[in-house]
Amino acid sequence: MSNLLSELTTEQRNEHTTHIDRLSSEQIVALINEEDKNVTIAIEQITPFIAKAVDIIVGAFKREGRLFYVGAGTSGRLGILDASECPPTYGTIPSMVQGIIAGGDQAIKESVEGAEDNPELGARDMDTYGVTSLDVVVGIAASGRTPYVLGAMKRAKEIGAKVIGLCNNEHTPMVQTADLMLEAVVGPEVILGSTRMKSGSAQKQILNILTTASMIQMGKVYENLMVDVMPSNEKLVFRAKRIISMATGASEEAVHQAFVQSGGHVKTAIVMILAQVDYNGAKQLLEQTNGFVRLALLQAEMEATEHIKGGM
């Protein structure tokens, strides 16, 4: 294993940073930032594959399947972070996007010795979390060869789930199992082997893209507004009302009234105002269009036109 690791791009020595220990704080920061520019370049090179991953995830969601992120260490924590932010941002149920880390919850804050080296543990976690053929499993590992992640991916494949690999090297063992590979090769790290840096940044950006693009495709965004936000605290109540205001251009009083009448449901409030219908009418329009605000408004317009024609 050690010889194989030494061949990985993520384990090479970065020729541009060998003098970093002799630099000032400002110079160190500038050099790290310069290296981080490679993250954007690496992601640009694989955008068609990321788009395919989005389509796979959306297909699963439409079948009431779920998205699972599986990783160890930094990769596992990034998966948990992205998954945990979906419910407040897009109003999803917690089970829709889940993050699984080698070693369980304890590993979120501290290292769990040996957990990432156990492929059987990865396979067992797929069974524990009840992964089915309707689901998508994204295995995340900078090296592309973490045993826990490979074990999870292999078991998910056996179950019939769609399997996506996300790593920062090319031609890794993930290829043998994954239906689709996302290889964001960012080059050697600023500090040799510190894959929480460029590799981690690339992983986080890609996970953000996967869930954001998928939620857009599921109708949870109108224009560029997150209209399924859950107003669960004072800040989010303010944001929800502001979103309604920006989407409709309505007065503060009208926005507040629609917000209250809709039970704080942003989509419903927007349709109520723009389609000039009551709560039940807006709810019905959204149900007819699978929760897409734009389609609900078009439906309301069509119904209004038909009503006018029928009265002639």
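Look up: the structure comes first, before these words.
Residues numbered from 1 in each chain as written. Predicted model: local features only at pLDDT ≥ 70, side-chain atom pairs only at ≥ 80, totals over all residues. Heavy atoms only, no water.

Right, let's get into the packing of aromatic side chains. Here the structure, examined in full by the defined rule, presents 1 aromatic pair. Ring centres of phenylalanine 68 and tyrosine 129 lie 6.4 Å apart, and the angle between their planes is 80 degrees; on these two criteria the pair is classed as edge-to-face. Pair noted here: phenylalanine 68 is in strand β1 (residues 67-71) and tyrosine 129 is in the loop between α7 (119-128) and β3 (136-140), with a separation of 61 residues, a long-range link. (Phe/Tyr/Trp six-rings, centres within 6.5 Å; stacked < 30°, edge-to-face > 60°. Helix = DSSP H or I, 4+ residues; strand = E, 2+ residues; numbered from the N terminus.)

With that settled, the discussion passes to the sheet that holds β3. With parallel pairing, the 5 strands of this open sheet are ordered in space as β2-β1-β3-β4-β5. The open sheet terminates on both sides in strands that have one partner only, identified here as β2 (97-101) and β5 (180-183). This sheet shows a mean twist of 20 degrees between the axes of neighbouring strands, independent of strand direction. Summarising the sheet, β3 and strand β4 (residues 162-167) pair through 5 bridges and their orientation is parallel. In the sheet register, valine 136 faces β4, and the bridge partner there is lysine 162. Contacts from helix α4 (residues 74-84) reach β1, β2 and β3, with the element oriented near 160 degrees to β2. (Pairing = 2+ DSSP bridges. Axes fitted to C-alpha atoms, helices over the stretch in contact; angles between N-to-C directions. Contact = heavy atoms within 4.5 Å.)

Here we take up the packing of helix α10 (residues 234-248) against helix α12 (residues 266-274). At their nearest, the axes of α10 and α12 sit 10 Å apart, and the two run at 30 degrees to each other. Between α10 and α12, the angle is such that the two are roughly parallel. For the element pair α10 and α12, the recorded crossing hand is right-handed. Counting all contacts with α10, which are made through Ala240, Ile243, Ile244, Ala247 and Thr248, the residues of α12 involved are Val266, Ala269, Ile270, Ile273 and Leu274. Residue composition of the contact of α10 with α12, by class: 9 nonpolar, 1 polar and no charged. (Parallel < 35°, antiparallel > 145°, perpendicular 65-115°, else oblique. Left-handed = near helix turned anticlockwise from the far one by under 90°. Nonpolar A, V, L, I, M, F, W, Y, C, P; charged D, E, K, R; others polar.)

Moving on: the nonpolar core. Across soluble globular proteins, you tend to see nonpolar side chains buried next to one another. Counting residues in each nonpolar core, the largest one holds 34 residues, and the members touching the most others are Tyr69, Val97, Leu182, Ile206 and Leu210. At 7 residues, the largest contribution of residues to this core is made by helix α3 (residues 47-62). Tyr222, Ile244, Leu286 and Val293 belong to the second largest nonpolar core, which has 26 residues in total. (Core = buried A, V, L, I, M, F, W, Y, C linked by side-chain atoms within 4.5 Å. Buried < 20%, exposed > 50% of the residue type's maximum accessible area, 1.4 Å probe, protein only.)

A positive phi angle is found at glutamate 223, which is not glycine, with a value near 55 degrees. Structurally, glutamate 223 can be placed in the loop between α9 (198-217) and α10. In this structure, glutamine 276 is a non-glycine residue whose phi angle is positive, near 55 degrees. Along the chain, glutamine 276 falls in the loop between α12 and α13 (279-288). The class for glutamine 276 is exposed, based on a relative accessible area of 72%.

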